[in-house]
Amino acid sequence: MSTWSERDESSIWHPFTPLVGLDPALAVTKGEGVYLHTEDGQQIIDAISSWWVNLHGHSHPKIAEAIAEQARTLEHVIFAGFTHPPAVALAERLLGHLPDNQSRIFYSDNGSTAVEVALKMAMQFWYNQGKEKPTIVALDGSYHGDTFGSMSVGDRSPFSAPFDRYLFDVEFLEFPSREKEEAVLERFTQLCQSGRVGAFIFEPLIQGASGMRMYRAKLLDALIEVAHAHEVICIADEVMTGFARTGRFFASDYLTHKPDIFCLSKGLTGGALPMGVTSCTEAIMDAYRSEDLLKTFFHGHSFTANPMACAAALASMDLLEEEACTQQRNQIAASHSLFMDRLQDHPKVENLRTSGTIVAFDYVDKRGDTNYFNEARHRLYPFFIKQGVLLRPLGNVVYVLPPYCITPEQLDVVYNAIDKALEKI
Ligand SMILES: *Cc1c(COP(=O)(O)O)cnc(C)c1O
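Starting from 1, residues in each chain are numbered consecutively following that chain's sequence as written. pLDDT decides what is reported in this predicted model: residues at 70 or higher carry local features, side-chain atom pairs at 80 or more are listed and counted, and totals for whole chains, interfaces and linings draw on all residues regardless. Heavy atoms throughout the structure, all of them, feed into the side-chain values; hydrogens and water do not.

Thoughts on the side chain of glutamine 70
Put simply, DSSP H or I for four residues or longer makes a helix, DSSP E for two residues or longer makes a strand, and each gets a number counted from the N terminus. Along the polypeptide, glutamine 70 turns up in helix 3 (residues 61-73). The residues touching glutamine 70, leaving out its near neighbours within four places in the chain, are Glu75, Pro86, Pro307, Met308 and Ala311. Working rule for contacts: check all heavy atoms of both residues, and any pair within 4.5 Å makes them a contact.

Encoded structure:
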């Protein structure tokens, strides 16, 4: 009998995975809390929340129960002309957490579609009013997803190279590191003064995929202030940062000036089912309110507002709002901070940084620069797996982004694996 892992090799094409030179995919047969159990009996701590989606641990009984219950009641229904209780309850619940200027929830399927919807909402907002504001501004190093619109507003990289000629033009601002802040603000102001900028999209405070790169809330606040002075729609892509990853419920909660559109996904359902959300202000929606049918927002997905996904999200929100969960997140932040003290002077560690439940550093490798293709990743990843820890460095950026239910002892296992890697690799 061949293993699941072997059978996978002749039937499946995996995401973000070179087809040559890598080990076969590990088959996970059970998930429980922070642990993934593989078919060959290994137990692995999921220290990256399975690509940043999992909040409360795997196969959480409350989320599982909510999904099962909803599946028996109403598994799915068309969302044009119909609605259902979990969609309404979730929208109200999300609006309770989003800034006061947010008043509408548009459902879709994942982070990329949440971004597509945001871009189209902003573009058609200007179109419906007959205003010419075609320019979109984004940040260098940004990642907003893998569909064409979201790729267009993302950094041009070796990943996007085969498609670059099909991507629409975007004005990219330099990444606003501390020393670049003033220049970035000045360039953005100039762009806005042209009157042609219609939207500005950003990952608030942390760029995830480009290596957990952090920048200051103060600068983002200044950018949004300039944008609003020039009627530019600000789109916060909180797909990674949402649902308390950075310490506050949304990263935008650190801002004084609030974005006009929010994109949510990843942690939305606690990591159990795919779902995306794009929220917007009443003013944006107003531009679509017309007797003229052609001003309708003609966008939708077959599984828009899937009731089971809504139910999972509601169950996840219940857990997230418990005091115990806040304590868990504070505990993680405190542990990260001690771990950072420990790594502070390590010769192979640079740019130690943290935000809420995330800690990251650059693994200094004389053999390469900081980027995704840095070969350090190819040595570190299998080493961590052997230690029973799932960490998936972005190039030479090592980061920990655990489910909130991880215990201090389990976190120590993760930190120790990193210590060992620093010693041996
Ligand atoms: C992951 C991610 C996306 C894309 O989400 P998918 O669900 O993978 O399509 C978009 N924006 C940010 C900031 C992300 O981290």
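From this point, things continue past the structure.
Considerations on the site of the ligand
Near the ligand the following residues occur: Trp52, Asn110, Gly111, Ser112, Tyr143, His144, Gly145, Glu203, Asp237, Val239, Met240 and Lys266. The term polar contact refers here to a pair of N or O atoms within 3.5 Å; inside protein, the definition further demands a hydrogen-donor-capable atom paired with an acceptor-capable atom, and it admits residues adjacent in sequence only when both atoms are side-chain atoms. At 3.4 Å from an oxygen atom of the ligand is found a side-chain nitrogen or oxygen belonging to asparagine 110. In this structure, an oxygen atom belonging to the ligand sits 2.6 Å away from a side-chain N or O atom of serine 112. Note that accessible areas follow from Shrake-Rupley with a 1.4 Å probe, and for residues the cover is restricted to the protein chains shown. Coverage of the ligand by the protein chains reaches 83% of its 380 Å² of free accessible surface. If a single non-hydrogen atom of a residue is within 4 Å of a molecule or strand, that residue counts as near it.

Description of a nonpolar patch on the surface
Here a patch means residues that are over 30% exposed by relative accessible area and free of salt bridges, tied together within 9 Å if like-charged and within 5 Å if nonpolar (Val, Leu, Ile, Met, Phe, Trp, Tyr). The working definition used for a salt bridge is a side-chain nitrogen of Lys or Arg within 4 Å of a carboxyl oxygen of Asp or Glu. Together, Trp13, Leu19 and Val20 make up a nonpolar patch on the protein surface, roughly 460 Å² of accessible area in all. As for its position among the elements, tryptophan 13 is in the loop between helix 1 (4-9) and strand 1 (28-32).

Here's the deal with the side chain of histidine 58
Residue position: histidine 58 is located in the loop between helix 2 (49-52) and helix 3. Three labels apply to residues, based on accessible area from a 1.4 Å probe with only protein chains included: buried if under 20% of the type maximum, exposed if over 50%, partly exposed otherwise in between. Exposure remark for histidine 58: the relative accessible area of 15% places this residue in the buried category. Histidine 58 has contacts with Gly31, Glu32, Gly33, Tyr35, Leu36, Asp46 and Ser50, leaving out every residue within four places of it along the chain.

Section: the domain arrangement of the chain
What the domain assignment reports for the chain is domain 1 (88-298) and domain 2 (325-392). Domain start and stop positions are those given by an automatic or database domain assignment. Between the C-alpha centres of domain 1 and domain 2 there is a distance of 27 Å. Of the residues lining the interface, 12 residues belong to domain 1; the matching set on domain 2 comes to 10 residues. Put simply, buried area is how much 1.4 Å-probe accessible surface two parts lose in total, over both of them, once they are put together. Between domain 1 and domain 2 lies a buried interface of about 910 Å² when both sides are counted; carbon and sulfur atoms form 68% of it. Three residues stand out in domain 1 for area buried against domain 2, namely Phe159, Met214 and Arg245, and they jointly supply 47% of the buried area on that side. Put simply, domain 1 and domain 2 have zero salt bridges between them. In this assembly, domain 1 and domain 2 are joined by three residue pairs in polar contact (both at pLDDT 80 or more). Three categories are distinguished: nonpolar for Ala, Val, Leu, Ile, Met, Phe, Trp, Tyr, Cys and Pro, charged for Asp, Glu, Lys and Arg, and polar for the others, with Gly belonging to the last. Tallied by class, residues from the side of domain 1 that touches domain 2 come to seven nonpolar, three polar and two charged.

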